[in-house]
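# Commentary on secondary and tertiary structure
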Amino acid sequence: MRILFIEPNIEGRIGEPPLNIAGLKSFVNKMTKHDAKCCDLSFNKGSWQEYLTDEIASQKYDIIGISTLSFNYHQAVIIAEYLKSVQPDLPIIMGGIHCILQPDEVINCPFVDFVCTSEGEWVIQKFLDKNLDPEGIKGLWYRNAEGEAVKQAQPEVEKNIDQFPFPDWDDFPLEKYFLFNMSSLPIMGSRGCPYTCTYCSAHAVAGALGAKKTRYRSADNIIGEVEYLFERYGDGGLRHFLFEDDVFIGHKKRVYEFCDKYIERGFHKKYLWTANVRANIVNDDILKAMKAAGCYEAGMGVESSNDYVRNKIFRRNMSTQQILDAAALIKKHGLLLHVPIIMGSPFDTKEIMEENLAFMKKLEAECMLFPVLMPLPGTDIREICEQEGVLE
């Protein structure tokens, strides 16, 4: 069977290419008897309907897969509606974080036939193996002949994530992405996060999946992906990679092992990278190891300069002094500093937001971001916003 995975970015907001469907495509093509392709709409803002119509007309697809986050779910629905108007009998399955956190909303969408409520790899394999018969497949919801939602239980999460093949980026216009993201590609070295920050969906997703622990890839497996990426895409302009792990240093032993082996291979002189650290667990030794192994920038979430907002509302559990000390350590080792502060928490005041700006100046970060709070489904901050009556 043939499946087309779609990146539903029809608003044209460009960042990193979508790791999720690149990984699913590789899994289907290398670990099943089926065939998959990706269709990235990110650079087709004004002509996505024509682009998508040409794609589904060029090959016979048995099913369309759309991976969606909460912030682009409305775009995914628009695409699904359009596909149904063009080819009504072509089934559509949606997956991704929004489907894990809000499966009832998605299964009630009239343009969606199936919803993957779990991690996608084994669900997709079983679904395709059964010729799109969803009955009995854990992690897959569907509507029966009477139009009623059939909600099947969650499967156990896969603990050995080393077995999955490296993402396949061949279907993506990397030369265009490289103009926007410093010629980099993402690598995910783990699944999950050991922390429970209220604004982050990682904790909510882990709870919905029944994933009790963060799952880490081995150092050797990650280095294998680095080698693969630069052998395959280096001539096309790839220069850096970034770890998309929420907290790269959450498993310090693995970090040291990765850095040592990376240096042994001589990669530290060729392939530079960035990663996220955390102010209350970062230390001199681990930054020294990361710098020696080719890390050139550290991302560090601050989220608020105000102790009450940061620790009581966002549950970051770190002091202002720890943040200042961590920033100084990062500077000491010659790493660039990348810091986000969230604006617009339900307890922010004009004075707190002005404090945030002043605190950012004190940190002297090379990259400063000020995202507006998005109370994602399933997160504790959404419950707080609902309780405070600040959601329309």
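Structure shown above.
Source: prediction; values computed, not measured. (Residues numbered from 1 in each chain as written. Predicted model: local features only at pLDDT ≥ 70, side-chain atom pairs only at ≥ 80, totals over all residues. Heavy atoms only, no water.)

### With respect to the overall build of the protein
In terms of regular secondary structure, the protein is built from 15 helices and 15 strands. For 392 residues, the compact-globule estimate of 2.2 N^0.38 gives 21 Å, and the protein sits close to it at 22 Å. C-alpha atoms of the protein, sized along the principal axes, occupy 60 × 55 × 40 Å. Taking all 392 residues of the protein together, 53% fall into the buried category. Summarising the internal contacts of the protein: among those between residues at least 6 apart in sequence, 72% fall at separations of at least 24. Each charge sign in the protein was given a centre, from 43 positive and 56 negative side chains, and these centres are 5 Å apart. (Helix = DSSP H or I, 4+ residues; strand = E, 2+ residues; numbered from the N terminus. Rg over C-alpha atoms; globule rule 2.2 N^0.38 Å. Buried < 20%, exposed > 50% of the residue type's maximum accessible area, 1.4 Å probe, protein only. Contact = heavy atoms within 4.5 Å. Lys, Arg positive; Asp, Glu negative; His and termini not counted. Charge placed at Lys NZ, Arg CZ, Asp CG, Glu CD.)

### Some thoughts on unusual backbone geometry
Negative phi values dominate among residues other than glycine, just as trans dominates among peptide bonds. In this structure, Asn131 takes a positive phi of about 55° despite not being glycine. Within the fold, Asn131 resides in the loop between helix H6 (120-129) and strand S6 (140-143). Look at Asn131 and you get exposed, because its relative accessible area is 58%. In the Ramachandran plot, Ser183 falls in the positive-phi region, its phi being about 55° despite a non-glycine side chain. Mapped onto the fold, Ser183 is located in the loop between helix H7 (174-177) and strand S8 (184-187). Residue classification places Ser183 among the buried residues on the basis of a relative accessible area of 18%.

### A look at the side chain of Arg278
Secondary-structure assignment places Arg278 in the loop between strand S12 (272-277) and helix H11 (284-292). Within the buried core, Arg278 has no salt-bridge partner, and the shortest N-O distance to an opposite charge, that of Glu303, equals 7.9 Å. A polar contact of 2.5 Å, which involves the side chain of Arg278, links it to the backbone oxygen of Arg316. Not counting residues within four places of it along the chain, the set of residues in contact with Arg278 comprises Tyr195, Cys197, Val247, Ile249, Arg316 and Met318. (Salt bridge = Lys/Arg side-chain N within 4 Å of Asp/Glu carboxyl O. Polar contact = N/O pair within 3.5 Å; in protein donor to acceptor, adjacent residues only side chain to side chain.)

### Focus on the pairing of strand S13 (residues 295-300)
Among the 6 residues of S13, 6 are classified as buried, and the element is accordingly described as predominantly covered. Bridging between S12 and S13 involves 5 bridges; their strand directions are parallel. Of the residues in S13, the one forming a bridge with Ala275 is Ala298. Crossover S12 to S13 through H11 is right-handed. Pairing of S13 with strand S14 (residues 336-340) involves 3 bridges; the strand directions are parallel. Considered in S14, the bridge of Gly299 is made with His338. (Pairing = 2+ DSSP bridges. Right-handed = clockwise from strand over helix to strand, strands pointing away.)

### Quick notes on the environment of Met368
In this fold, Met368 is placed in strand S15 (residues 367-369). If sequence neighbours within four positions are ignored, Met368 has contacts with Val339 and Met360.

### Remarks on the environment of Met1
Tracing the sequence through the fold places Met1 in the segment before strand S1 (2-7). A relative accessible area of 26% places Met1 in the partly exposed class. Residues Met1 and Thr32, 31 residues apart in the sequence, show an inter-C-alpha distance of 10 Å. Sequence-distant contacts of Met1, defined by excluding residues within four places in its chain, comprise His34, Asp35, Asp62, Leu128, Asn131 and Leu132.

### Describing the sheet that holds S14
With respect to topology, 6 strands assemble into an open sheet ordered S8-S11-S12-S13-S14-S15, the strand pairing being parallel. Because the sheet does not close on itself, it has two edges, and the strands there are S8 and S15. For this sheet the average axis-to-axis angle between neighbouring strands, irrespective of direction, equals 20°. Contacting S14 and S15, helix H14 (residues 350-363) crosses the sheet at an angle of about 170° to S14. (Axes fitted to C-alpha atoms, helices over the stretch in contact; angles between N-to-C directions.)

### Description of a nonpolar patch on the surface
Among the surface-exposed residues, Leu69, Phe71 and Met374 lie close enough to one another that they form a single nonpolar patch of about 260 Å² accessible area. Assignment of secondary structure puts Leu69 in the loop between strand S3 (63-67) and helix H3 (73-86). (Patch = residues over 30% accessible without salt bridge, like charges linked within 9 Å, V, L, I, M, F, W, Y side chains within 5 Å. Areas by Shrake-Rupley, 256 points an atom, 1.4 Å probe, with all protein chains shown as cover.)

### Some remarks on the side chain of Glu297
Among the structural elements, Glu297 can be located in strand S13. Despite its burial, Glu297 pairs with no opposite charge, the nearest such side chain being Lys331 at 9.8 Å. Once you skip the residues sitting within four places of it in the chain, Glu297 turns out to touch Trp273, Thr274, Ala275, Leu335, Leu336 and His338.

### Here's the deal with the sheet that holds strand S4 (residues 92-95)
In spatial order, the strands read S2-S1-S3-S4-S5-S6-S7; together these 7 strands make up an open sheet with mixed pairing. The open sheet has two free edges, formed respectively by strand S2 (35-40) and strand S7 (149-150), since each of these has just one partner strand. Here S1 pairs with S2 via 6 bridges, running parallel. From the neighbouring strand, Ile6 faces S2, where its bridge partner is Cys39. Packed on one face of the sheet, helix H2 (residues 48-58) meets S1, S2 and S3 and runs near 165° to S2.

### Comments concerning the nonpolar core
Membership of the largest hydrophobic core comes to 79 residues, with the highest contact counts inside it found for Phe241, Ile249, Phe258, Tyr262, Trp273, Met290 and Met300. Of all the elements, helix H9 (residues 219-233) adds the most residues to this core, at 8 residues. In this structure, Trp273 is in contact with Phe241, Phe243, Phe248, Phe258, Cys259, Tyr262, Met290, Ala293, Gly294, Cys295, Tyr296 and Glu297, ignoring residues within four places of it in sequence. In this structure, Ile10, Cys39, Tyr73 and Ile79 belong to the second largest nonpolar core, which totals 27 residues. (Core = buried A, V, L, I, M, F, W, Y, C linked by side-chain atoms within 4.5 Å.)

Spatial relationships are all this shows, so hold off on functional conclusions.
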